[in-house]
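# Results of the structural survey
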Amino acid sequence: MVDTGVIHGRFQIFHLKHMEYLLAAKMRCRKLYIGITHSDIVAFAATSALDLHGTTKRDNPLTYFERLEMIQGALTDFGVKREEYEMIPFPVSQPDLITQYAPRDAVYFMSICSEWDEERCQILQRLGLETEVLWRKIEEERGITGTEIRQLIAEGLEWQQHVPKTVSEYIIEHGIDKRIQALNHMFE
């Protein structure tokens with residue numbers, strides 16, 4: 001077990017596969033930094049052609065703060081102690097800024113399921129950061145994605161079984177489901 005670990009993702013709806021990734025990393029470190037990418041899609045918009053979902057409001061309907069609160073609620077529900085993690089912005093689209101937000105001496109845990117994941121791992125390695133790949137999966141093995149969950153919400157279909165209970169409650173309580181539906185109707 002290492003002292004410090006880092007994971008990162010957009011978490012544009014924090015779902016159970018995200019929780020699997022987070023908990024797998026947490027089991028390998030005493031303190032986990034959870035980086036939220038595209039904290040602001042204007043200031044930190046996607047810069048890679050492989051980052052297919054980092055530029056539009058439709059793909060990024062939740063604010064940084066909403067994602068932070070959703071993840072914190074889910075971690076509490078899953079029994080992760082507050083002193084065992086920190087939430088941070090993670091400017092993957094501007095790699096030179098990453099170590100201004102995240103610790104340099106940590107292990108950066110990755111889940112590789114796409115070409116974009118491979119590129120992000122290479123970005124971290126080029127910065128001289130220690131990376132550990134938790135697993136590699138082909139897209140068919142990846143499971144549900146945030147994009148698919150947002151689409152289910154937009155279509156008024158069942159989606160709650162794919163997210164932690166606290167996330168489902170948060171989305172409904174804050175009207176995020178209605179926001180997602182409205183954003184999708186704008187682009188039809």
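Above this note sits the structure.
Everything numeric here is computed off the predicted structure, so don't read it as measured data.

Bringing the overall build of the protein chain into the picture now. In terms of regular secondary structure, the protein chain is built from seven helices and five strands. For the protein chain, the succession of helices and strands along the chain, N to C, is β-α-β-α-β-α-β-α-β-α-α-α. Computed over its C-alpha atoms, the radius of gyration of the protein chain comes to 16 Å, within 12% of the 16 Å expected for a compact globule of 188 residues. Taken along its principal axes, the extent of the C-alpha atoms in the protein chain is 45 × 35 × 30 Å. Counting every position in the protein chain, which comprises 188 residues, the buried fraction comes to 49%. If you take every contact in the protein chain between residues at least 6 apart in sequence, the share linking residues at least 24 apart comes to 74%. Split by element, the accessible area of the protein chain, about 9200 Å² in all, is 52% carbon and sulfur.

Although it is not a glycine, I13 adopts a positive phi angle of roughly 155 degrees. In this fold, I13 is placed in the loop between β1 (2-9) and α1 (16-26). Positive phi, close to 50 degrees, is recorded for H38, a residue that is not glycine. Note that H38 resides in the loop between β2 (29-36) and α2 (64-77). With relative accessibility at 4%, the residue H38 sits in the buried group.

Right, let's get into the nonpolar core. Among the nonpolar cores identified, the biggest contains 38 residues, and I7, I13, F14, I34 and I71 are the most heavily contacted of them. Among the elements that line this core, the one with the most residues is α2, at six residues.

Turning our attention to the pairing of β1. Working note: regular strand, side chains alternate between the two faces of the sheet. The element β1 is largely enclosed, with a buried count of six among its eight residues. Strand direction decides the pairing type here: β1 and β2, joined by seven bridges, are parallel. Bridging from a neighbouring strand, G5 pairs with L32 of β2. By the bridge criterion, two bridges tie β1 to strand β4 (residues 107-112) in an arrangement that is parallel. Note that in β4 the partner of V6 across the bridge is Y108.

Of the residues making up helix α5 (residues 146-154), those classed as buried are G146, I149, R150, L152, I153 and A154. With its phi angle positive at about 70 degrees, G156 sits one or two positions after the end of α5.

In this structure the tally under the stated criterion is eleven salt bridges. The residue E84 makes a salt bridge to K26 at a minimum N-O spacing of 3.8 Å. Here the residue E84 occupies a position in the loop between α2 and β3 (85-89), and K26 occupies one in helix α1, the gap between them amounting to 58 residues. For E84, a relative accessible area of 24% translates into the label partly exposed. A salt bridge links R120 to D117; its shortest N-O distance comes to 2.2 Å. Of this pair, R120 and D117 both sit in helix α4 (residues 115-126), three residues apart, which is roughly one turn of the helix. Its relative accessible area of 10% is what places R120 among the buried residues. Taking the relative accessible area as the measure of exposure, D117 reaches 10% and is therefore buried.

Cut-offs used in this document
Residues numbered from 1 in each chain as written. Predicted model: local features only at pLDDT ≥ 70, side-chain atom pairs only at ≥ 80, totals over all residues. Heavy atoms only, no water. Helix = DSSP H or I, 4+ residues; strand = E, 2+ residues; numbered from the N terminus. Rg over C-alpha atoms; globule rule 2.2 N^0.38 Å. Buried < 20%, exposed > 50% of the residue type's maximum accessible area, 1.4 Å probe, protein only. Contact = heavy atoms within 4.5 Å. Areas by Shrake-Rupley, 256 points an atom, 1.4 Å probe, with all protein chains shown as cover. Core = buried A, V, L, I, M, F, W, Y, C linked by side-chain atoms within 4.5 Å. Pairing = 2+ DSSP bridges. Salt bridge = Lys/Arg side-chain N within 4 Å of Asp/Glu carboxyl O.

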